[in-house]
Amino acid sequence: MRGRLCILLAALLAVSAALTGCTAAEAEGEGLSIYYASGDQESYGQAAVDCERWAEGSASSAVDEVFARMLEEPTEEGLSQSLPDGVRLWSWALEDGVLTLNLSEDYNGLSGISLTVASACLVLTMTQLDGVEALSITVDGQPLPEGSQVPLTREDVLLTGEIQDPATVGFQLYFPLSDWSGLGTEYRETELYSDSLTDQIDTVIAMLAAGPGTDGMEAAFVGLEAHLDSQMVDDVCVLTLTESWAAVLSAQELSRQALVNSLCELEQVEAVAFDWDGEGQGSLDGTWYADYG
């Protein structure tokens, strides 16, 4: 897991030409570099990281002070917040050069590229502090499911990875027809910096939430969250639904089938299940398979 995460971090950082400027600024010893997401964060995984200078910061700044500064919105154009809304630093500990940040449950809302970018920002920012050689992240004292609790050094993040360029990936999407008589299809391509299944699932969800790009199909998912937590159980993709997604999927059979069909187009997904215990649970129970008829 550590190798995969390092490669992803390197792939993201490699596409940020301005990163050299940050490194040069650090060498001058003035202030502290605060790292943020860079690039179009709505482009289905096309992202990198970059920094802005915090003149009041220094290598001797307190960890909680630096974290609080990271939660502030960036002022420079082209940068955006990588940390999730509401995330808090419960505690931290520095031992043998490894800084462990214990974050609130909000950090568990990140996955795939979003988690990779946030982790990169934390590593690159915190390893500027005196005595910090590597960073480990836990949530409410527990390791993250995607392995980001493994200590990462600045060198790990800046290491040249095996994936240097984004790959163009095609997705077959399904939307209800405008007259709700069946499903229509739309093929869409985008560039991804990772071929992980998690990132592909995230991309499908984001594309469905963005709506169809052709006439004659219903924008059934527009206005819904562009990210849902997911996990694979054997070959079944289990989605943790939000209230808004559950309301649409339980009320509209065609919308539910459109989502299932779109995810089952992914090579490693044979079926879909939903994790939801609220209103409409009965209509969402079970395992759902693609239906192309």
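See the structure shown above.
Summarised in this report is the structure supplied together with it. (Residues numbered from 1 in each chain as written. Predicted model: local features only at pLDDT ≥ 70, side-chain atom pairs only at ≥ 80, totals over all residues. Heavy atoms only, no water.)

Taken together, the side chains of Glu73, Asp85, Glu105, Asp106 and Asp140 make up a negatively charged region of the molecular surface. Judged by its relative accessible area of 46%, Glu105 is partly exposed. (Patch = residues over 30% accessible without salt bridge, like charges linked within 9 Å, V, L, I, M, F, W, Y side chains within 5 Å. Areas by Shrake-Rupley, 256 points an atom, 1.4 Å probe, with all protein chains shown as cover. Salt bridge = Lys/Arg side-chain N within 4 Å of Asp/Glu carboxyl O. Lys, Arg positive; Asp, Glu negative; His and termini not counted. Charge placed at Lys NZ, Arg CZ, Asp CG, Glu CD. Buried < 20%, exposed > 50% of the residue type's maximum accessible area, 1.4 Å probe, protein only.)

Across all of its chains, the model carries three salt bridges by this definition. For Arg69, the salt bridge is made with Glu52, and the minimal N-O distance between the two is 3.2 Å. Residue Arg69 is located in helix 3 (residues 63–70), and its partner Glu52 is located in strand 2 (residues 48–54); the two are separated by 17 residues in the primary sequence. Given a relative accessible area of 10%, Arg69 falls into the buried group. Its salt-bridge partner being Glu72, residue Arg69 comes within 3.8 Å of it at the nearest N-O pair. Here Glu72 falls in the partly exposed class, since its relative accessible area comes to 44%. (Helix = DSSP H or I, 4+ residues; strand = E, 2+ residues; numbered from the N terminus.)

Ranked by internal contacts, the top residues of the largest apolar core, which has 39 residues, are Leu101, Leu103, Tyr107, Leu122 and Met126. Those elements giving two or more residues to this core turn out to be strand 1 (32–38), strand 2, helix 3, strand 5 (98–103), helix 4 (112–126) and strand 6 (134–139). No other element matches helix 4, which puts ten residues into this core. Residues contacting Leu103, with those up to four places away along its chain left out, are Phe67, Val87, Arg88, Leu89, Trp90, Leu122, Ile137, Thr138, Val139 and Asp140. If you look at the next biggest cluster of nonpolar residues, it comprises 35 residues, including Leu173, Met207, Val272 and Leu284. (Core = buried A, V, L, I, M, F, W, Y, C linked by side-chain atoms within 4.5 Å. Contact = heavy atoms within 4.5 Å.)

For the rest of this paragraph, the subject is the packing of aromatic side chains. All chains considered together, the criterion is met by three aromatic pairs. On the numbers, 6.5 Å between centres and 50° between planes, the contact of Phe175 with Phe221 is tilted. Placement of Phe175 in strand 9 (residues 167–176) and of Phe221 in the loop between helix 6 (197–210) and strand 11 (229–233) is noted, with a sequence separation of 46 residues between them. For the pair shown, Phe175 and Phe221 are each scored as buried. Linked through ring pairs, Phe175, Phe221 and Trp245 together constitute an aromatic cluster. A cation sits over an aromatic face here: Arg256 above Trp288, 4.2 Å from the ring centre. (Phe/Tyr/Trp six-rings, centres within 6.5 Å; stacked < 30°, edge-to-face > 60°. Lys NZ or Arg CZ within 6 Å of the ring centre and 35° of its normal.)

Turning to the packing of helix 7 (residues 243–251) against helix 8 (residues 253–264), a few remarks are in order. Where helix 7 meets helix 8, the axes come as close as 5 Å, and the angle between the chain directions of the two elements is 110°. As the angle between them shows, helix 7 and helix 8 are arranged roughly perpendicular. In this structure, helix 7 contributes Trp245, Val248, Leu249 and Ala251 to the contact, and helix 8 contributes Glu253, Ser255, Arg256 and Leu259. Looking at side-chain class alone, the contact of helix 7 with helix 8 contains five nonpolar, one polar and two charged residues. (Axes fitted to C-alpha atoms, helices over the stretch in contact; angles between N-to-C directions. Parallel < 35°, antiparallel > 145°, perpendicular 65-115°, else oblique. Nonpolar A, V, L, I, M, F, W, Y, C, P; charged D, E, K, R; others polar.)

Read across the sheet, three strands follow the order 2-1-3 without closing on themselves; strand pairing throughout is antiparallel. One side of each edge strand has no neighbouring strand; the edge strands of this open sheet are strand 2 and strand 3 (79–80). Across seven bridges, strand 1 lies against strand 2 in antiparallel orientation. For Ser33, the partnering residue across the bridge sits in strand 2 and is Arg53. Packing against the sheet, helix 3 makes contact with strand 1 and strand 2, and its axis sits at approximately 35° to strand 1. (Pairing = 2+ DSSP bridges.)

On to the sheet that holds strand 13 (residues 271–275), then. Spatial strand order, 11-12-13-14: four strands in an open sheet with mixed pairing. The strands lining the two open edges of the sheet, one partner per strand, are strand 11 and strand 14 (287–288). As defined by bridge partners, strand 12 (residues 236–240) adjoins strand 13 across five bridges and the pair is classed as parallel. Within the sheet, the bridge partner assigned to Thr240 lies in strand 13 and is Asp275. Sitting on the sheet, helix 8 is in contact with strand 12, strand 13 and strand 14, with an inclination near 125° to strand 13.

Another point: the pairing of strand 13. Each regular strand displays side chains that alternate between the two surfaces of the sheet. Burial within strand 13 is extensive, with four of its five residues counted as buried. Where strand 13 meets strand 14, two bridges bridge the pair, whose relative direction is antiparallel. In the sheet register, Val272 faces strand 14, and the bridge partner there is Trp288.

Turning our attention to the environment of Asp179. Tracing the sequence through the fold places Asp179 in the loop between strand 9 and strand 10 (183–192). Owing to a relative accessible area of 57%, Asp179 belongs among the exposed residues under this scheme. Along the backbone, Asp179 and Glu218 are 39 residues apart, and their C-alpha atoms lie at a distance of 8.2 Å. In terms of polar contacts, Asp179 uses its side chain to reach the side chain of Ser181, at 2.6 Å. (Polar contact = N/O pair within 3.5 Å; in protein donor to acceptor, adjacent residues only side chain to side chain.)

Because each turn of an α-helix spans 3.6 residues, side chains separated by three or four positions in sequence point in the same direction. Given a rise of 1.5 Å per residue, 14 residues ought to cover 20 Å, and the 20 Å separating the end C-alpha atoms of helix 6 matches this to within 8%. Among the 14 residues that make up helix 6, twelve are buried, leaving the element largely enclosed by the rest of the structure. Turning to helix 6, its buried residues are Leu197, Asp199, Gln200, Ile201, Asp202, Thr203, Val204, Ile205, Ala206, Met207, Leu208 and Ala209. One or two residues past the end of helix 6 sits Gly211, with phi positive at roughly 90°. (Expected span 1.5 Å × (residues − 1).)

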